[in-house]
Amino acid sequence: RLEELVRTSGSAVGVVFDPDGETLVIIDDEGRALNHDQALLSLVSLVAEAHPGARIALPVAASREAERIAADAGCEIEWTKMSAAHLMEVANRGGIDFAASQEGGYIWPDFLPAYDAVATLAKLLDLLATTGRRLSSVSRDLPRVHMAHEMVATPWERKGSVMRTTVEQAKDRDVVLVDGVKVLHPDGWALVLPDPEEPLTHVWAEAGSDHGARQLAQEYARRI
C-alpha cells in the first residue's frame, strides 16, 4: 500500500520515526526537515485542500495560522487541552477528521484515535496524491509563525490566584478557557497555563513578529 501511494503521489518524502512509533519528523522532497510548526501547518493545509469542511482538533497553543488556513477552506478547528490524553479523547468522540499535537504526533481518527507515525506517512502520501502537490511547495507557501514561550516559578498554592487574576485582568478582551487562560489580542494571543507537574506557570504568545511575540510573552510573565 505504501509503495502504491508513493507511485500515485509522484512525490518523494522522508520521515524519521520516533522509537515508539508514535511521533515522527517529516522531510520534504527537497531534503529539508520540517520543524513541528511547519509539519503541523503543512498537514492542516493538505487536509483542508483535500477535504474542505473537515473538522480538525488542535491544542489551544497551536499557531493561529492553522485556524486561518482551515477557515479559508471552510474547515473548523476544535481547540483541545495541551495533553495528549485530551487530544486523543476529542479525536475519539467522532466527527474529527484530523488531530495534531505540537510535538510531531498526529491522529487520523478514521484509522485509530491515537498517534501513529506509519499511518501519518501513509496519509501524507495519500493527501499529496489527492491534491497533486509536492510537500516542498506546500511548506514554502506556509505563513511564518512568530511564537514565544516563557516560564515563571510559581508556588503550588499561588497557581489558582494566577489564573483568577489573569481572567480578571482580561475582562475587556476575548478569552478562551479550554486549558489555562488564552487572552486574544488584535495582533495575536497569550496563553497562561500552570504546569501540571512542576511549580511553574507557562506563558505562550503569538504575534505578528518574533519581537512582538517575545514582548507579549514577557508582559504576561511580568504580571505573574
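Here the structure is shown first, and the text comes after it.
In short, a report on the structure. Predicted model, so just to flag it, every value in this text is computed and none were measured. (Residues numbered from 1 in each chain as written. Predicted model: local features only at pLDDT ≥ 70, side-chain atom pairs only at ≥ 80, totals over all residues. Heavy atoms only, no water.)

Thoughts on the sheet that holds strand E10 (residues 181-185)
Two strands in a sheet stick together by hydrogen bonds in their backbones, pointing the same way (parallel) or opposite ways (antiparallel). With respect to topology, five strands assemble into an open sheet ordered E8-E12-E11-E10-E9, the strand pairing being antiparallel. Only two strands of the sheet have a single partner each, and these edge strands are strand E8 (147-153) and strand E9 (175-176). Bridge count between E10 and strand E11 (residues 188-194): five bridges; the pairing is antiparallel. Its bridge partner being in E11, Lys-182 is matched across the sheet by Leu-191. (Pairing = 2+ DSSP bridges. Helix = DSSP H or I, 4+ residues; strand = E, 2+ residues; numbered from the N terminus.)

Looking at the layout of surface pockets
In this model, the largest pocket occupies a volume close to 230 Å³. In terms of lining residues, the largest pocket is bounded by Arg-32, Asn-35, Asp-37, Gln-38, Leu-41, Ser-139, Leu-142, Pro-143, Arg-144, Val-145 and Met-147. Element by element, the count of residues in the lining of the largest pocket is highest for helix H2 (residues 36-50), at three residues. Its residues assigned to classes, the lining of the largest pocket comprises five nonpolar, three polar and three charged. (1 Å grid on protein atoms, 1.4 Å probe; cavity = no way out; pocket = protein on both sides within 12 Å on 5 of 7 lines; lining within 4 Å. Points joined across faces, edges and corners; volume = space filled by probe spheres on them. Nonpolar A, V, L, I, M, F, W, Y, C, P; charged D, E, K, R; others polar.)

Section: the pairing of strand E3 (residues 55-59)
Of all five residues in E3, four are buried; the element is thus mostly enclosed. Judged from the five bridges that link them, E3 and strand E4 (residues 76-80) form a sheet pairing that is parallel. Residue Ala-57 lies in a different strand from E4, and its bridge partner there is Glu-78. Considered for its hand, the β-α-β crossover made up of E3, helix H3 (residues 64-72) and E4 is right-handed. Bridge count for E3 against strand E5 (residues 98-100) is two bridges, and the pairing is parallel. The residue of E5 that forms the bridge with Ile-56 is Phe-98. (Buried < 20%, exposed > 50% of the residue type's maximum accessible area, 1.4 Å probe, protein only. Right-handed = clockwise from strand over helix to strand, strands pointing away.)

Let's talk about the sheet that holds strand E6 (residues 106-108)
In spatial order, the strands read E4-E3-E5-E6-E7; together these five strands make up an open sheet with mixed pairing. Both outer strands of the open sheet, E4 and strand E7 (112-115), are each paired with one neighbouring strand and no more. Within this sheet the neighbouring strands show an average axis-to-axis angle of 15°, counted without direction. (Axes fitted to C-alpha atoms, helices over the stretch in contact; angles between N-to-C directions.)

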